[in-house]
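Below, each chain spelled out in residue letters.
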Amino acid sequence: NFAVSNLGVDSPTLLSSPFLLITLAYWSDRLGFSISASEAASFRQWFHAANAKGRYSRGSSETLLDQDLATLRDGGSPVDLIQRLALQVGRLDFTAEELVGRTSRSGAFKTMFLAFRQDHARDWATNLEISPKHHGKSDVVEYHHVFPRAYLKKHRADVGQQAIDDIANLAFIGAATNKQISDRAPADYRNDFDSAVLAVQLVDLTDDRAEAAEFERFVEQRRAAIVRRLNEFIGISGSGAEFTSS
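Tracing the sequence through the fold places Phe 215 in helix α13 (residues 215–234). Exposure remark for Phe 215: the relative accessible area of 3% places this residue in the buried category. When the C-alpha positions of Phe 215 and Val 146 are compared, they lie 9.8 Å apart, and in sequence the two are 69 residues distant. The residues touching Phe 215, leaving out its near neighbours within four places in the chain, are Phe 147, Leu 152, Arg 156, Val 159, Ala 163, Ile 164 and Asn 169.

Now the structure itself:
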């Protein structure tokens, strides 16, 4: 219930590792399920940072989980978990360089979904808010390549597959809308949808940004915007390991 209501995680598909739920359960139990607002806020920061950075999907997952549970067992707090995470990943905020080449399998991608859903991102055609739990084939949320793969293969053969699948080229829409767009050029399909709906997912196809020749510029600008939104969503200010106070 805490994961769903406080963290916005209502499906295991939004986790970089299910071990995150074990830490949540143990922390809650240690507190006797009597949790203050400040404790809930600091745990939220650790949880989303650990999810985005892939705390339990790097190296020995069970060893890292044991370390975190031991920290809590010895009287540690989410702040101590944050410090341990910082030792592992170096810096807790995201940089644009760090997101280059990240794909739909990364924790950053799953956190991007959570951030966009918090902003009430909707399917571009149906106006249905994105969710991993929709029923019906047409409304199942899929990730869409803003510059479709087939389109880039045809008009920008020099762009590699990793660049095409970069999360800065991915957005969340329903299956029917994805099929509607198919392999059409962004300059072609952008007029089918409200630009404000696209903007919620930081997709800007105005001017010449929708042209194949401008793919790299589009990705670079959107990646920078995604970085800002991820850091804001997690609760990181400045650079390095500085978290906002709650």
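Moving on, we come to the pattern of salt bridges. Taken as a whole, this structure holds 17 salt bridges when the rule is applied. With a shortest N-O distance of 2.7 Å, Glu 214 and Arg 217 are connected by a salt bridge. Beyond isolated ion pairs, a larger network of salt bridges with shared partners links Lys 53, Glu 98 and Arg 102.

The description of an aromatic ring pair uses the distance of the two centres, along with the angle that the planes make with each other. Under the definition given, this model contains 18 aromatic pairs. For the pair Trp 124 and Tyr 189, a centre-to-centre distance of 6.4 Å together with 25° between the ring planes defines the contact as stacked. Here Trp 124 is found in the loop between α7 (107–118) and β1 (141–145), whereas its partner Tyr 189 is found in helix α11 (residues 186–189), with 65 residues between them in sequence. Tyr 189 shares its class with Trp 124; the two are buried. Their ring planes at 50° and their centres at 5.3 Å tell us that Phe 147 and Phe 218 sit as a pair that is tilted. You can see Phe 147 sitting in the loop between β1 and α8 (149–155) and its partner Phe 218 sitting in helix α13, a full 71 residues away along the chain. Accessibility classification places Phe 147 together with Phe 218 in one group, the buried group. By the ring-pair criterion, three or more aromatic residues cluster together here, those being Phe 2, Phe 19, Trp 27, Phe 43, Trp 46, Phe 47 and Tyr 56. Over the aromatic face of Phe 233 sits the side chain of Arg 44, whose NZ or CZ is 4.8 Å from the ring centroid.

The subject of this paragraph is α13. Working note: α-helix, 3.6 residues per turn, so residues spaced by three or four point in the same direction. The end-to-end C-alpha distance of α13, which contains 20 residues, comes to 28 Å, matching closely the 28 Å that a straight helix rising 1.5 Å per residue would cover. Following α13 by one or two positions, Gly 235 has its phi on the positive side, about 105°.

Our focus in this paragraph is the packing of helix α2 (residues 19–30) against helix α3 (residues 37–53). The interhelical angle for the contact between α2 and α3, taken along N-to-C directions, is 165°, at an axis separation of 11 Å. Looking at the two axes, α2 sits roughly antiparallel to α3. Crossing of α2 against α3: the hand is right-handed. Contacts between α2 and α3 pair Leu 20, Thr 23, Leu 24 and Trp 27 from the former with Glu 39, Ala 40, Phe 43, Trp 46, Phe 47, Ala 50 and Asn 51 from the latter. Split into classes, the residues belonging to the contact of α2 with α3 amount to eight nonpolar, two polar and one charged.

Let's shift gears to the environment of Gln 88. In this structure, Gln 88 sits in helix α5 (residues 78–89). Separated by 56 residues in the primary sequence, Gln 88 and Gly 32 have C-alpha atoms spaced 29 Å apart. Contacts of Gln 88, omitting those with residues within four sequence positions, involve Arg 55, Arg 58 and Leu 64.

This part covers the side chain of Asp 93. Looking at the element boundaries, Asp 93 is found in the loop between α5 and α6 (96–99). A distance of 2.7 Å separates polar atoms of two side chains, one belonging to Asp 93 and the other to Arg 91.

Counting residues in hydrophobic clusters, the biggest one holds 69 residues, and the most contacted among them are Trp 46 and Trp 124. Among the elements that line this core, the one with the most residues is α13, at eight residues. Not counting the four nearest positions on each side in its chain, Trp 46 is found in contact with Leu 20, Thr 23, Tyr 56, Asp 68, Pro 78, Leu 81, Ile 82 and Leu 85.

Moving on: unusual backbone geometry. Even without being glycine, Phe 33 reaches a positive phi, approximately 60°. The topology assignment puts Phe 33 in the loop between α2 and α3. For Phe 33, a relative accessible area of 60% translates into the label exposed. Phi is positive for Leu 202, close to 60°, though the residue is something other than glycine. By secondary structure assignment, the location of Leu 202 is in the loop between α12 (195–200) and α13.

Take the environment of Arg 73 next. Relative to the helices and strands, Arg 73 resides in helix α4 (residues 61–73). Note on Arg 73: relative accessible area 45%, which makes it partly exposed. With 16 residues separating them along the chain, Arg 73 and Ser 57 place their C-alpha atoms 22 Å apart. Sequence-distant contacts of Arg 73, that is, excluding residues within four places in its chain, are made with Tyr 26 and Arg 30.

Definitions and cut-offs
- Residues numbered from 1 in each chain as written.
- Predicted model: local features only at pLDDT ≥ 70, side-chain atom pairs only at ≥ 80, totals over all residues.
- Heavy atoms only, no water.
- Helix = DSSP H or I, 4+ residues; strand = E, 2+ residues; numbered from the N terminus.
- Buried < 20%, exposed > 50% of the residue type's maximum accessible area, 1.4 Å probe, protein only.
- Contact = heavy atoms within 4.5 Å.
- Salt bridge = Lys/Arg side-chain N within 4 Å of Asp/Glu carboxyl O.
- Phe/Tyr/Trp six-rings, centres within 6.5 Å; stacked < 30°, edge-to-face > 60°.
- Lys NZ or Arg CZ within 6 Å of the ring centre and 35° of its normal.
- Expected span 1.5 Å × (residues − 1).
- Axes fitted to C-alpha atoms, helices over the stretch in contact; angles between N-to-C directions.
- Parallel < 35°, antiparallel > 145°, perpendicular 65-115°, else oblique.
- Left-handed = near helix turned anticlockwise from the far one by under 90°.
- Nonpolar A, V, L, I, M, F, W, Y, C, P; charged D, E, K, R; others polar.
- Polar contact = N/O pair within 3.5 Å; in protein donor to acceptor, adjacent residues only side chain to side chain.
- Core = buried A, V, L, I, M, F, W, Y, C linked by side-chain atoms within 4.5 Å.

As far as function goes, none of this settles anything; it's purely spatial.
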